[in-house]
Amino acid sequence: MLDQFRDWERNRHEYAKAWKERTGGKVMGYFCTYAPEEILYAAGVLPVRILGSHEPQDVTEPHIFGMFCPFCRDCLAQGLKGRYDYLDGIMISQSCLHIRQAFTSWQKHVPVDFDYYLCMPNRVQSPRALPYLAGELAEFKTAVEKWTGKTISDTDLDRAIEIYNENRRLMRAVYELRKDDHPHLTGEETMEMVIASQMTDKAEHSQQIKKILGQLASRDGRDPGTRLMILGSEDDDIEFMKMVESCGATFVVDDHCTGSRYFWNEVEPRDNRLEAIAARYVHRVPCPSKDWEDRTRIDHILGLARDWNVAGAIVIQQKFCDPHELDIPAIRKALDQNGIKTLFLEFDVTVPIGQFKVRVEAFLEMIGDDDLFD
Amino acid sequence: MAEYWRWKEYRWHDENKNWHDATLITAGVDVGSVSSQAVIVTDGELYAFSNQRTGSDSPESARKAMDWALEGTGMRLDNIGFTVGTGYGRVNVPFSDKAITEIACHARGANYMYGPTVRTVLDMGGQDCKVIRCDERGKVTAFAMNDKCAAGTGRGMEVFADLLAIPIEEVGELSFQVEEEPPPVSSTCVVFAKSEATGLLREGWPKSKVIAAYCSAMAHRVVTLLEQVGIEEKFAITGGIGKNIGVVRRLEGEIGIKALPAKFDTQIAGALGGALFAQNLLKKKLAVT
Amino acid sequence: MATKQKYETQPLKCWGKAKEIRETFYRDYARAHERGGLRWAGGAWTFGAIPCGLGDDVWSITSEPYAASIAANKEFSMRCLEATERAGYARDLCSYMRNYWGSVILNEYLWGGPFPRPDFIWQDHICCSHAKWYQVVCDLEPGIPQFCIDVAVGPYNEITENRVDYIVGQMHDGIAWLEGVTGRTYDDEKLIQAVYNECRSTALWAEVCTLNKAIPAPLEEKTMYSLYVLGTLMKHSKVVADFYKELRDEVRERVANQIAAIPNEQCRLMSDTQPPWGFLSLFRYLQEFGAVSIGSLYTFGLIGMWEVKPDGTWGPRTTPQEQGVDIKNRDQALRILADWNLSKPEWQHFYSPHLKTDMMVRIAKEWSLDGVMLHYNRGCEGLTVGIAENRLGLIEAGFPVMTFEGNMGDEREFDLHKTMTRVDAFMETLGVKK
Amino acid sequence: MITVGIDMGSKTIKVVVLRDGEIIGRGIELAGFESRAAAEKAFDTALQSAGISKADIDGIVATGAGRKNAPHTDRDITEVGGDAKGVVNLYPNARTVIDVGAEEGRAIRCNEEGKVLDFALNEKCAAGAGAFTEAMSRALEVSVEELGQMSLRSENPTPMNAQCAVFAESEVVSLLHNKTPKEDISRAVHDAIASRIVSLARKVGFEPDVVFIGGVAHNAGFVDSLERALECKVTIPENPEYIGAYGAALAAAES
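Residues numbered from 1 in each chain as written. Chains lettered and ligands numbered in written order. Predicted model: local features only at pLDDT ≥ 70, side-chain atom pairs only at ≥ 80, totals over all residues. Heavy atoms only, no water.

### Some details on empty space enclosed by the protein
Residues and elements named next belong to chain B. Scanning the model with the defined rule gives 19 cavities of 30 Å³ or more in all. Of the voids in this model, the largest cavity is the one considered here, and its volume is about 320 Å³. At the level of elements, β3 (35–42), α2 (102–114), β7 (120–124) and α3 (154–164) are the ones that each hand at least two residues to the lining of the largest cavity. The biggest single contributor to the lining of the largest cavity is α3, with three residues. (1 Å grid on protein atoms, 1.4 Å probe; cavity = no way out; pocket = protein on both sides within 12 Å on 5 of 7 lines; lining within 4 Å. Points joined across faces, edges and corners; volume = space filled by probe spheres on them. Helix = DSSP H or I, 4+ residues; strand = E, 2+ residues; numbered from the N terminus.)

### Here's the deal with the packing of helix α2 (residues 79–90) of chain D against helix α8 (residues 243–254) of chain D
Residue and element names in this part refer to chain D. α8 packs onto α2 with a crossing angle of 85 degrees between their chain directions and a minimal axis gap of 7 Å. Between α2 and α8, the interaxial angle falls into the category roughly perpendicular. Along its contact with α2, which presents Gly-82, Asp-83, Lys-85, Gly-86, Val-87, Asn-89 and Leu-90, the element α8 presents Ile-243, Gly-244, Tyr-246, Gly-247, Leu-250, Ala-251 and Glu-254. Taken together, the residues that form the contact of α2 with α8 break down as six nonpolar, five polar and three charged. (Axes fitted to C-alpha atoms, helices over the stretch in contact; angles between N-to-C directions. Parallel < 35°, antiparallel > 145°, perpendicular 65-115°, else oblique. Contact = heavy atoms within 4.5 Å. Nonpolar A, V, L, I, M, F, W, Y, C, P; charged D, E, K, R; others polar.)

### Quick notes on unusual backbone geometry
Phi is mostly negative for residues that are not glycine, and the peptide bonds are mostly trans. Note that the residue after Glu233(B), namely Lys234(B), is joined by a cis bond; omega there is -5 degrees. Inspection of the secondary structure assignment puts Lys234(B) in the loop between α6 (207–229) and β10 (235–238). With an omega of -10 degrees, the peptide bond running from Pro208(D) to Asp209(D) counts as cis. Unusually for a residue other than glycine, Ala165(B) sits at a positive phi of about 55 degrees. By the element assignment, Ala165(B) lies in the loop between α3 and α4 (168–174). Positive phi outside glycine occurs at Glu141(D), with the angle close to 55 degrees. Looking at where Glu141(D) falls in the secondary structure, it is placed in the loop between α3 (129–139) and α4 (144–152).

### Overview of the interface of chain C and chain A
Contacts between the two partners involve 53 residues from chain C and, on the opposite side, 47 residues from chain A. Interface of chain C and chain A: buried area, both sides summed, is about 4000 Å²; carbon and sulfur atoms make up 56% of it. Its largest share of buried area at the contact with chain A, chain C owes to Lys132(C), Tyr166(C) and Glu381(C), together 16% of the area lost on that side. Here chain C and chain A share five salt bridges between them. Among the salt bridges present, the one from Asp327(A) reaches Lys132(C), with a minimum N-O distance of 2.9 Å. Joining chain C to chain A, the criterion identifies 25 residue pairs in polar contact (both at pLDDT 80 or more). Contributions of two or more residues to the side of chain C that touches chain A are made by α4 (95–105), α5 (130–140), β5 (146–150), α6 (161–182), α14 (353–366), β11 (371–377), α15 (381–384) and α16 (387–396) of chain C. Looking at the side of chain C that touches chain A element by element, the count peaks at seven residues for α6(C). Counted by class, the side of chain C that touches chain A contains 25 nonpolar, 17 polar and 11 charged residues. (Buried area = accessible area lost by both parts, 1.4 Å probe. Salt bridge = Lys/Arg side-chain N within 4 Å of Asp/Glu carboxyl O. Polar contact = N/O pair within 3.5 Å; in protein donor to acceptor, adjacent residues only side chain to side chain.)

### Remarks on the domain arrangement of chain D
Residues and elements named next belong to chain D. The domains assigned to chain D are domain 1 (1–91 + 239–255) and domain 2 (93–236). The C-alpha centroid of domain 2 is placed 25 Å from the C-alpha centroid of domain 1. Listed by partner, the interface residues are 14 residues for domain 1 and 26 residues for domain 2. Where domain 1 abuts domain 2, roughly 1500 Å² becomes buried across the two surfaces, and 71% of that area is made up of carbon and sulfur atoms. For domain 1, the biggest contributors to the area lost against domain 2 are Val-80, Tyr-91 and Pro-240; these three give 38% of the whole. The tally of links between domain 1 and domain 2 comes to one salt bridge. Across the contact surface, domain 1 and domain 2 share five residue pairs in polar contact (both at pLDDT 80 or more). For the side of domain 1 that touches domain 2, the element with the most residues is α2, which contributes eight residues. (Domains from an automatic or database assignment.)

### Quick look at the environment of Val253(A)
All names here are of chain A. Secondary-structure assignment places Val-253 in strand β6 (residues 249–255). The sequence separation of Val-253 and Leu-231 amounts to 22 residues, and the corresponding C-alpha distance is 8.6 Å. Contacts of Val-253, omitting those with residues within four sequence positions, involve Tyr-175, Arg-178, Leu-228, Met-229, Ile-230, Leu-304, Trp-308 and Val-310.

### Re the sheet that holds strand β7 (residues 267–272) of chain C
Residues and elements named next belong to chain C. Strand order in the open sheet formed by four strands is β8-β7-β11-β12, and the pairing between neighbours is parallel. Two strands lie at the open edges of the sheet, namely β8 (291–296) and β12 (401–406), each paired on one side alone. Here the strands of the sheet are splayed against their neighbours by 30 degrees on average, with no regard to which way each runs. Pairing of β7 with β8 involves four bridges; the strand directions are parallel. Among the inter-strand pairings, Leu-269 is bridged to a residue of β8, identified as Ser-293. (Pairing = 2+ DSSP bridges.)

### Observations regarding helix α7 (residues 188–211) of chain C
Helical periodicity: at 3.6 residues per turn, an α-helix aligns residues three or four positions apart in one direction. Residues and elements named next belong to chain C. With 24 residues, α7 extends 35 Å between its outermost C-alpha atoms, agreeing within 8% with the 34 Å of an ideal straight helix rising 1.5 Å per residue. The buried fraction of α7 is high, at 19 of 24 residues. For α7, the N-terminal capping position is held by Asp-187, with its side-chain oxygen 2.8 Å away from the main-chain nitrogen of Glu-189. (Expected span 1.5 Å × (residues − 1). Buried < 20%, exposed > 50% of the residue type's maximum accessible area, 1.4 Å probe, protein only.)

### A look at the pattern of salt bridges
Taken as a whole, this structure holds 95 salt bridges over all chains when the rule is applied. Residues Glu361(A) and Arg90(B) are paired through a salt bridge, measuring 2.7 Å at the closest nitrogen-oxygen approach. Linking Glu361(A) in helix α16 (residues 353–367) with Arg90(B) in the loop between β5 (82–86) and β6 (98–99), this pair reaches from one chain into another. We note that Glu361(A), like Arg90(B), is buried. For Asp99(D), the salt bridge is made with Arg106(D), and the minimal N-O distance between the two is 2.7 Å. Taken individually, Asp99(D) and Arg106(D) each receive the classification buried, so the pair is uniform in this respect.

### Quick look at the environment of Ala217(B)
Within the secondary structure, Ala217(B) is located in helix α6. Each C-alpha atom, one on Ala217(B) and one on Val247(B), is 8.8 Å from the other, the two residues being 30 residues apart in sequence.

### Here's the deal with helix α15 (residues 328–337) of chain A
Regarding α15(A), the residues found buried are Ile328(A), Pro329(A), Ala330(A), Ile331(A), Ala334(A) and Leu335(A). In the core, the buried residues of α15(A) are packed alongside β5 (226–232), α13 (297–307), β7 (312–318), α14 (322–325) and β8 (341–347) of chain A together with α5 of chain C. Just beyond α15(A), the residue with positive phi is Gly339(A), at close to 75 degrees.

### Thoughts on the interface of chain D and chain A
On the side of chain A, 11 residues touch chain D, which itself brings 14 residues to the contact. Taking both partners together, chain D and chain A bury about 1100 Å²; carbon and sulfur atoms supply 57% of that area. Counting across the interface, chain D meets chain A through one salt bridge. Between Asp58(A) and Arg202(D) there is a salt bridge, with its nearest N and O atoms 2.9 Å apart. If you look at where chain D meets chain A, you find one residue pair in polar contact (both at pLDDT 80 or more).

This is the structure we're talking about:
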């Protein structure tokens, strides 16, 4: 039923190439989920998120110093290996320094005919952020129009916004099915759905969700065992999800930029469409690199944990991801104070399933039932 | 080449006990990265155990450990009602009825070995180092393990024993044969500490002094992990390093807490915990049928 | 390679004064309350000129230089780092931050006594860690009001009205906020003076660095560290501006009289990023080869403000006062301050390593360098970002590059012996003999 | 002219005797804790095998990690310089040298005169392949030689992350417990270290011919992994562990 998403996720490059064939449109690779995809989509461009491949590689050493996160190096490796040779453009919406390096090295060593650095504000909590971003989006829109030779009308933007919002609503509807005592899909399946949405035409992706939503709702959920939440930095490590969900646990919700953080918020209509889009990105569930001076993400996470009835949380982080490292002690404390135990794991390009399995099983034994005791 | 880093292999069983009188006979087998232990428990009491090296074939290691524990007891494998496998090879114990992690088993084992007052257990094994907090039943309430860097694991001490050609059992004692405590080696990274040690020896340091420097470096490294989880008394140390007073004493010195004295070989804690879990599981099984 | 020649060397006359200014800075901060004043904490990059409008009895501590001083004290630094690790913070985070937090957690001030808790935090967000640095400080010392300005508006050569407005807007909000948390009325005149001072001191520092184009170099980087640091403490103060003038005059003298930093200069290098502060002896080791590090984009461009002169070379940026600009009001002062800081060379690499490479190649050419020594600094994500691309760019431009890994503030991540072996090999490749 | 090169490696000490560029004597010793004494021994062995006495020697140059406390030497050059000189003398077309020893791994790019253009050495937490493979072979209970052979027989290699030698060792143990064939594990081990070394090679921008020297060059499995990762063949001299000493002896002949 969910095979289509897995297929898109696994054959992302084939999908994008076929899309180009079919539509003759341009494909834009973007780094970081702060990219205002609506504007690209309105111009008839297919935005695809650049992700890694989880294979050990030796090509990025000359370009990125080893103390930066394995994810940004894995992403760049894909470019250097020519796996994204079909891209017409690349863009980044300013967030952390790590992923920025993948972008700037790509700019120089894997040139494309259009690259764009969007100055997304970091201080999203300042009232100055919204007008500022609206201004930057206006510049971006002009640049995209120049590149594609297509003027982007308000109607185009409205259409794009609606298609994106619908996709967001549908994915949240799917997440709702995980609240059930017998979640209707696993964390692994969900991850494939969300990641697929980052690399396919949203309209097509939404079609697929609509097709299966009914069946999903009516299919018997599984006995979840321990209800887990997974949260932290970028995470598309399906092998890990599989491993954990084979140990008598089920991920019922997440907070990742490859998960709920990506689509949680919708664009709310405003007369100035760019302002409406800007507001969405300024007010969305933030990446820790933008969550200051207050830590607004903690309440959101506690809310998810409560609403999805979570028994424990696995907190993961890409090795060397400073923004997350700077939040994790506070998040773990907050979860702990709310009676939710946490297990912390540091992710690399490949995760050592052996050592992680021990930690995960011990964690599940710890929060699990007292079967072993009198 | 002599393997100084290996712990001596041996077995024990309670001569004064007749296992035939026992109603519940269970076992735990801990297939670790370096050594394997089998423990037999009769009616909740330790009856027999064995401790030997792990081969690269874990089912084989498990079988050998079990056979050796049974040796001379007249007991046979099929007299054992329930067996729990634990350790790295927990899923490869052919005759086990359930696999449980070494973390849960060490807490449970420590609870029996040191009494129900144990709240913090430090297990320094071959390739990882665990800090476990537990309640009065020996149930884990929190734990932490060393990160991707293996510094501060038992392995480092083994490399040292080999490098200096000193049996691992003697390392601890030797580390105190110094006029004054040397500064700790700067690197607990096994590979770098090795070259650092070689350097010191080339400078003419006596072996005892080098070991002292390494023991305190290791103790220090482990204390950082301990303090992350928080040390609540009573405190106990299990695993191979628990037998290395060179590390244990220095560690106690740093945290200002004495570790409880071990009633048995600290290396069997995991297998013992497994055997005790097996008791509960057996009871429940019998209750059902 | 230049044949060995002996140059005359002399200690800097103004050395003692630099030391004194530094000591006074840390003492003033600690004693602020005794004198009925206020104290605030923030990064060395923050818009320190702005709090000056609160009065003359307001003293600050800048977190990076303070942490660097801790790092130079290995014993205390190790206690700080471990205190931070025990509190559960990752070991690979910014080592300045970890030293600073440690000092807070242990409640020990490097210069004696308990850590003086700031009345407010006035920060700017240059890298991923800068705002969150103080977010954690507020976890550790709850209740300290914090204001942090986001400066991430792209490289100076792409600056737009919209981008400046974003920063100036935050500055206006910040002043209102400062009045709120301190209960004081803000004095624009003091702000204007501070802006003048900042432009003067940072242009003067650039001029000092420009003088190092001379052969033999009048200054070597190890010395420059102790001088540029004053700018990181209070670039907006008259004291520092005046000191840099005095320094500029003395260095001019040295150039005129061929007074060298090292007696046997035969190889000119530059470094990059903060050095491992506990191991500055590395620079002394270079001198055994007659190699002088004339500075780095870090020592030149973190405090120095630059511009391209009519002859196409790099020199100190012309100050508003030199241009005859007369600052009349708050908004004008803030706009000038924002524009001035956005041109900071050490800011551009946050958006593109290639911009930094261009500046480094320029230095390598104009300062007549034989090679470059890049510190792959595990302690600072912000300044090492893109450093591997800088290496490629410099090699492309024909300058030999040596890299070494280390950490500016965590001695456990630096190996002096291994690094010296690397220097040996590098000198061999440059054909330089002791 | 007779010159001698002494390579004071971290694990072994090698000595080479040259007569007019021809190798006429060799000696090797484990460095142990008395590296200077060991060097003396290797030195004597080399002189004996060459059938010369110390008086016949025109110059002695040391290289290697411990070069500062080598006996008898007039001067010393770094491993980097020694490797390049030795290799280019044997193979004029060599432009890249990869040297993997017990604790160090390095890549060097040089020109036709053997002048070093760029070099990269492993950093902390990137321990040399030597120590690494030894640890792994112990975990797998096979000799390093067998380890190399086994990896050639691997059918489906599993990727492995080789940050820390010891942590990788426990990864190996878990793989064993998961019934992964030893062949595939040893292949994973060699691929892992090879990729670290190739990272260094890419950093200096390697060009053919690539010459692979150092003790680990004897390990067929590693060589295979290295060539796959480099996507090119490597040349291996007859006595790869002696090249550093050979380079030093050549340097002695120059001065």
